[in-house]
Amino acid sequence: MNLKKFDSESELVDRIVSTIKQVIKNKPDAVLCFACGETPRPVMNRLVELRNAGVVDFSRVRLLGLDEWIGVDRSTNGSCAQMLYDDFFTPMRFREDQISIFNGLSECLNNEISRMNQIVSELGIDFVLLGIGLNGHIGLNEPNFNPKRNANIVDLSEITQKVMTKYFDKSVHISKGITLGFKQLLKAKKIILMATGERKSEIVKEVVESEPSITIPATLLKERKDVLFMVDKEAGKMV
Ligand code: F6R
């Protein structure tokens, strides 16, 4: 894993966007996987600008959603689907056939797991943009997870259940999530882990200074030397 510190979020976003442009230039039907939430939003906004300027042809890319809270779907503000659609998929005018995400309201979550596993094994992942939780989670792979798994259902940690309330405009009782697994993520051709803002500075330090361990999921990304851990000045202030 390579740590890259940027003086501003904007420079960091520029770098990620250029990487994505390059990925699509090399492979117009690239498979791109995105975390939802606050961190990737500025990248998504910049990609929307590029799309509107007609600079990059996104018409053949495929999009994968990384995870979802169980018990909600796109109709609930704060679901991963809602954030991905509103922040990214809709303004990018992606077609439905380009998009594959988990349905957290499915009556058969095992089917959701099989469906997403099949898509990932057939298409692979060319690029994944990850964010990091305050406890080091990646996607919803929480501390003490099983890194050998593909997509799976997880119990959300206490801290995640507390932090996730920031996404919702009403109170929700969600204790489980569904997420792509580390086995799949580590096979992605290009992996960027992004962290911005001071509130991420402690976990950034922990990840940088710790040996790979399931207690801090992000540290297992160190298994891949080419993973880029991109942080802005605030998130990187302790490293
Ligand atoms: C969400 C996801 C999570 C978030 C992490 C940080 O799809 O993968 O791991 O990336 O919880 O969330 P924000 O960016 O909102 O601080």
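Calculation notes
- Residues numbered from 1 in each chain as written.
- Predicted model: local features only at pLDDT ≥ 70, side-chain atom pairs only at ≥ 80, totals over all residues.
- Heavy atoms only, no water.
- Helix = DSSP H or I, 4+ residues; strand = E, 2+ residues; numbered from the N terminus.
- Buried < 20%, exposed > 50% of the residue type's maximum accessible area, 1.4 Å probe, protein only.
- Contact = heavy atoms within 4.5 Å.
- Phe/Tyr/Trp six-rings, centres within 6.5 Å; stacked < 30°, edge-to-face > 60°.
- Pairing = 2+ DSSP bridges.
- Axes fitted to C-alpha atoms, helices over the stretch in contact; angles between N-to-C directions.

**Q** Can you tell me about the side chain of Ser157, naming the residues and giving the values?
**A** Residue placement: Ser157 occurs in the loop between β7 (152–155) and α5 (158–163). Overall, Ser157 belongs to the buried group, its relative accessible area being 19%. When sequence neighbours within four positions are dropped, the list of residues in contact with Ser157 reads Asn135 and Glu142.

**Q** Before we move on, could you go through the packing of aromatic side chains and cite the residues and values that matter?
**A** Under the counting rule described, the total for this entry stands at 10 aromatic pairs. Pairing Phe34 with Phe127 gives two aromatic rings, centres 6.3 Å apart and planes at 55°, and the pair type is tilted. Taken together, the residues Phe34 in strand β2 (residues 31–34) and Phe127 in strand β6 (residues 127–130) connect sequence positions 93 residues apart. Here a set of aromatic residues connected by ring pairs shows up, and it is made of Phe34, Phe58, Tyr85, Phe88, Phe89, Phe94 and Phe127.

**Q** Lay out the sheet that holds strand β9 (residues 190–195) with the relevant residues and their values.
**A** Hydrogen bonding along the main chain pairs the strands of a sheet, whether they run parallel or antiparallel. Judged by pairing direction, the sheet is parallel, and its 7 strands sit side by side in the order β1-β10-β9-β6-β2-β3-β5 without closing on themselves. Only two strands of the sheet have a single partner each, and these edge strands are β1 (2–6) and β5 (99–100). Of the pairings in the sheet, the one linking β1 to strand β10 (residues 228–232) comprises 5 bridges and is parallel in character. The residue of β10 that forms the bridge with Lys5 is Val231. Each of β2, β3 (62–65) and β5 is contacted by helix α3 (residues 80–89), which is oriented at about 145° to β3, the strand it contacts most.

**Q** Lay out the sheet that holds strand β8 (residues 176–179) with the relevant residues and their values.
**A** Strand order across the open sheet formed by 3 strands is β4-β8-β7, with antiparallel pairing between neighbours. Only two strands of the sheet have a single partner each, and these edge strands are β4 (67–69) and β7. Neighbour-to-neighbour, the strand axes of this sheet turn through a mean angle of 25°, independent of strand direction. Where β4 and β8 come together, 3 bridges link them in antiparallel fashion. Bridged to Trp69 within β8 is Gly177.

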